[in-house]
Amino acid sequence: MKSSKILRVVILTILIPMGCSNSEEIIAFKNVSLVPMTAEKIVPDQTILVKGDRIYRIGKSDEVKIPDKAKVVDGDGAFLMPGLADMHVHLTGEWPLPQLDLFLANGVTTVRDLDGRDFMLQWRDAIKAGQRAGPTIYAASPIIWGYEKNVAEHISKRKSGYDSIKLYSYLSENDFKKVMVLAKEQKLYTVGHIPFAVGLDGVISEEMNEIAHIEEFIWEFIDFDRNENLPPKEWFPYLKKAIYQQNKPFFDLGTNEIKNKYLQEVTATVRKLESKNISVCTTLYLDEVIIQKLFEPQKFLEQPTSAYLPQQYINALLQGKEKHQLQFQGGEDLAPLKYAIDKMLLIELHKAGIPLTLGTDAGTGAMGIVPGFSIHAELRILIENGFSPYEAIQAATVNASRVVAAMIGKDDFGTIDIGKRADFILLEKNPLDDVANIKNRLGVMAAGRWYGEKEIQTMIDPALLPTIPVIGGVVNIRNPADEFITVFDIIIGQSFGGRLPDDIESITVTGPEGVLAIRKEDFTFWSSANDFYIGVPGSPKVGTYKFTVTSGNRQGSAIDTQSIVRPIPVPDISTFSPPEGETLDLKTPTFSWGTVTYFDAPIYYLFQIYDSTGEEIYRRGRIQNMTSHTVSAGILKPGEKYRWRIRISDSGHWMEEQNRSETKKLSFKMAHALK
Ligand SMILES: [Zn+2]
């Protein structure tokens, strides 16, 4: 029974093309038991019709007519629930398998990054446009830490394109108030830590919308002087000392004794939030991971999900140099006490009905929280602390959509309802019986695409994990002679350990149309970046490229997708200053150039200087619409000859670059005496 159900879903999903999602495509989910999350119920024998990324019809299977052209997923009684949202993540490119795939594979169909970067906005837009696979992305502004000289300027610079403002622990009371006034004026949602100088009372009175971690409340139980007016770097050491000194006597307490000691403070703190409309993101699994890392790092690494961790991270952990190993050094016993208090906070916040969203802080490679998989751990922890499965799932669906509504005014996911986003997980068993059933998926739908279980297995196949760490890239380049070239970069990670380039025995590049006729010998090796690169004539094909390297019995592979081919113009060097062959006599010369006009994508400029041996000695940029750059004193030596050029790219992040153009290199000479 079980295997036939899986088989049927697989067969039917093969009909659905994997490429771009189509906004007009209709998918029918037939014979499913609906877990609508509009109420605690299961509605059996339903058919759901989806057009593009939206639900447009829900009804009894024998009453809903499936359009002829629809792709059909026959659920055969399986459970269809809304996709999950991880509302506290950090997107980076440093994971051995693409982070977005790890989310999708785990049914995470919505993520919110709480320290945004421009490349995430590009990912977000590409996913929305069906050009890239991934969950729906929301992104807060790059963190306002509190070191910024002018926070007002930051907030206006950062609001463009981001869904909210992220505030950090080190903001002074003054700066915090300033940011909150501006955010309210500009109707920007605010989410963050509780700044040390401000405290929970200040956060409540200024009406910050959301607190980014439950663990933030712990500082409310520590005696310290909020008016210390410390520079950012000194806050943490100061507080670390305070928290250790004040809690040392309680490190050895049992759970009940901890409860007796803290319950009053915890409930008093939670009471402050009642009827305040401030939501809280959980991130409790982080506590569990910290304890594993401090006390049983080997066991932590042995769990299957740790196979997905970046190799550098594993190395750091084995060397005892991982972020939390360093942070808790000499005071490891604080971690279990902290977790016990955070769990009490979770329980009391839940009892008091404070809106909680589920977040795991997944993604930043420096903490060991594996994207996607972490959401199941977070759900489990909620259950262990008194949530019903329905309530835990609400935190990861309905509540997340409400937070997004507060951010951008649109409450359109988290339930299965007409007009909502068709983000689904198809499950063998009822998730309202046990949240662990969510791990047994038959498929996931996100941002208008359906991924059958077979496709998901291929996406996260542990066999894809490199035993040689590799990053691969394909990029379409328009050169100064106005020719198009496809460049492949294959970068070998530091932890490879072998001699480069000799110990790499073979390199294979497989493109959308099959294996390419290039061998290791054809590549040039750039030693300072551990980079094998090659340029071949013509633009790349749209699709996925896979790069495989071998060394003895070790193998590593990486993929990169060329999602769009853009003919980015080469700028006209007659607009460049200084012109070819000029001698410069300023210590701090300024270089400027005419920009290109291209409307299909944002354009980023990179400025590069090469010495007379051809080595790149300086680069600045990947800055949008940059038109000039002044080089600081001391970089360019008197009497030396150099060359410079401009690269133009459609991404501010090198991993995400799809297309670029570059000018020829213009030579210049520094005068013997500089002014
Ligand atoms: Zn975070």
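Our structure is the block above this text.
Residues numbered from 1 in each chain as written. Predicted model: local features only at pLDDT ≥ 70, side-chain atom pairs only at ≥ 80, totals over all residues. Heavy atoms only, no water.

**Overview of the coordination of the zinc ion**
Stage number 1. The coordination sphere of the zinc ion contains the protein donors His 88 (NE2), His 90 (NE2) and Asp 361 (OD), at a distance range of 2.1 to 2.2 Å.
Stage number 2. We note that the donor set of the zinc ion lies within a single chain, spaced as H-x1-H-x270-D. Exposure class is identical for His 88 and His 90. Each is buried. (Donors = N, O, S within 2.8 Å, 3.2 Å for Na, K, Ca; no water. Buried < 20%, exposed > 50% of the residue type's maximum accessible area, 1.4 Å probe, protein only.)

**Overview of the sheet that holds strand S6 (residues 84-89)**
Stage number 1. Strand order in the open sheet made by the three strands is S6-S7-S8, with parallel pairing throughout. With one partner strand each, in any of the chains shown, S6 and strand S8 (136-139) form the two edges of the open sheet. Strand-to-strand, the axes of this sheet are offset by a mean angle of 20°, without reference to chain direction.
Stage number 2. Pairing between strand S7 (residues 108-113) and S8: four bridges, direction parallel. (Pairing = 2+ DSSP bridges. Helix = DSSP H or I, 4+ residues; strand = E, 2+ residues; numbered from the N terminus. Axes fitted to C-alpha atoms, helices over the stretch in contact; angles between N-to-C directions.)

**A look at the pairing of S6**
Stage number 1. Most of S6 is tucked away: six of the six residues are buried.
Stage number 2. Two strands pair when backbone bridges link them, and S6 and S7 are joined in this way by four bridges, in the parallel orientation. The residue of S7 that forms the bridge with Leu 84 is Val 108.
Stage number 3. For the crossover from S6 across helix H2 (residues 99-105) to S7, the handedness is right-handed. (Right-handed = clockwise from strand over helix to strand, strands pointing away.)

**Here we look at the packing of helix H9 (residues 285-295) against helix H13 (residues 334-351)**
Stage number 1. Between H9 and H13, the shortest axis-to-axis distance is 9 Å and the interhelical angle comes to 165°. When the axes of H9 and H13 are compared, the pair comes out roughly antiparallel. Relative to H13, H9 is oriented so that their crossing is left-handed. Taking contact as the criterion, the partners of Asp 287, Glu 288, Ile 290, Ile 291, Leu 294 and Phe 295 in H9 are, on H13, Ala 335, Pro 336, Lys 338, Tyr 339 and Asp 342.
Stage number 2. For the contact of H9 with H13, the per-class residue count stands at seven nonpolar, no polar and four charged. (Parallel < 35°, antiparallel > 145°, perpendicular 65-115°, else oblique. Left-handed = near helix turned anticlockwise from the far one by under 90°. Contact = heavy atoms within 4.5 Å. Nonpolar A, V, L, I, M, F, W, Y, C, P; charged D, E, K, R; others polar.)

**Things to note about the pairing of strand S18 (residues 484-492)**
Stage number 1. Relative to S18, strand S17 (residues 470-478) runs antiparallel, the two being bridged by nine bridges. Bridging from a neighbouring strand, Val 470 pairs with Ile 492 of S18.
Stage number 2. Linking S17 to S18, which pair antiparallel, is a turn of five residues; within it Asp 482 sits at a positive phi near 65°.
Stage number 3. Both S18 and strand S22 (residues 531-537) contribute to a ladder of seven bridges, which runs antiparallel. What sits directly across from Asp 489, in S22, is Tyr 533.

**Digging into the pattern of salt bridges**
Stage number 1. Counted according to the given criterion, the structure contains 36 salt bridges.
Stage number 2. Note that Asp 175 and Lys 178 form a salt bridge whose closest N and O atoms lie 3.8 Å from each other. Remark: Lys 178 and Asp 175 occur in helix H5 (residues 173-185); sequence separation between them is three residues, near one turn of the helix.
Stage number 3. When the shortest N-O distance is used, the salt bridge between Asp 503 and Arg 499 registers 3.2 Å. (Salt bridge = Lys/Arg side-chain N within 4 Å of Asp/Glu carboxyl O.)

**Things to note about the sheet that holds strand S10 (residues 189-192)**
Stage number 1. Sheet architecture is open: five strands sit in the order S9-S10-S11-S12-S13, paired in parallel fashion. Whereas interior strands pair on both sides, the edge strands pair on one side only; in this sheet they are strand S9 (164-167) and strand S13 (356-357).
Stage number 2. Bridging between strand S12 (residues 279-281) and S13 involves two bridges; their strand directions are parallel. The residue of S13 that forms the bridge with Cys 281 is Thr 357.

**Things to note about unusual backbone geometry**
Stage number 1. Residue Pro 501 follows Leu 500 across a cis peptide bond; omega there is 5°.
Stage number 2. Tracing the chain through its elements places Pro 501 in the loop between S18 and strand S19 (506-511).
Stage number 3. The residue after Ser 577, namely Pro 578, is reached through a cis peptide bond having omega 0°.
Stage number 4. Tracing the backbone shows Pro 578 in the loop between strand S24 (554-562) and strand S25 (582-584).

**Digging into the environment of Tyr 189**
Stage number 1. Take Tyr 189: it is sitting in strand S10.
Stage number 2. For Tyr 189, a relative accessible area of 4% puts it in the buried group.
Stage number 3. Tyr 189 sits 367 residues away from Gly 556 along the chain, and the two C-alpha atoms are 43 Å apart.
Stage number 4. The residues contacting Tyr 189, other than those within four sequence positions of it, are Arg 112, Asp 163, Ser 164, Ile 165, Asn 209, Glu 210, Ser 279, Val 403, Ala 406 and Met 407.
Stage number 5. There is a polar contact of 2.7 Å between the side chain of Tyr 189 and the side chain of Glu 210. (Polar contact = N/O pair within 3.5 Å; in protein donor to acceptor, adjacent residues only side chain to side chain.)

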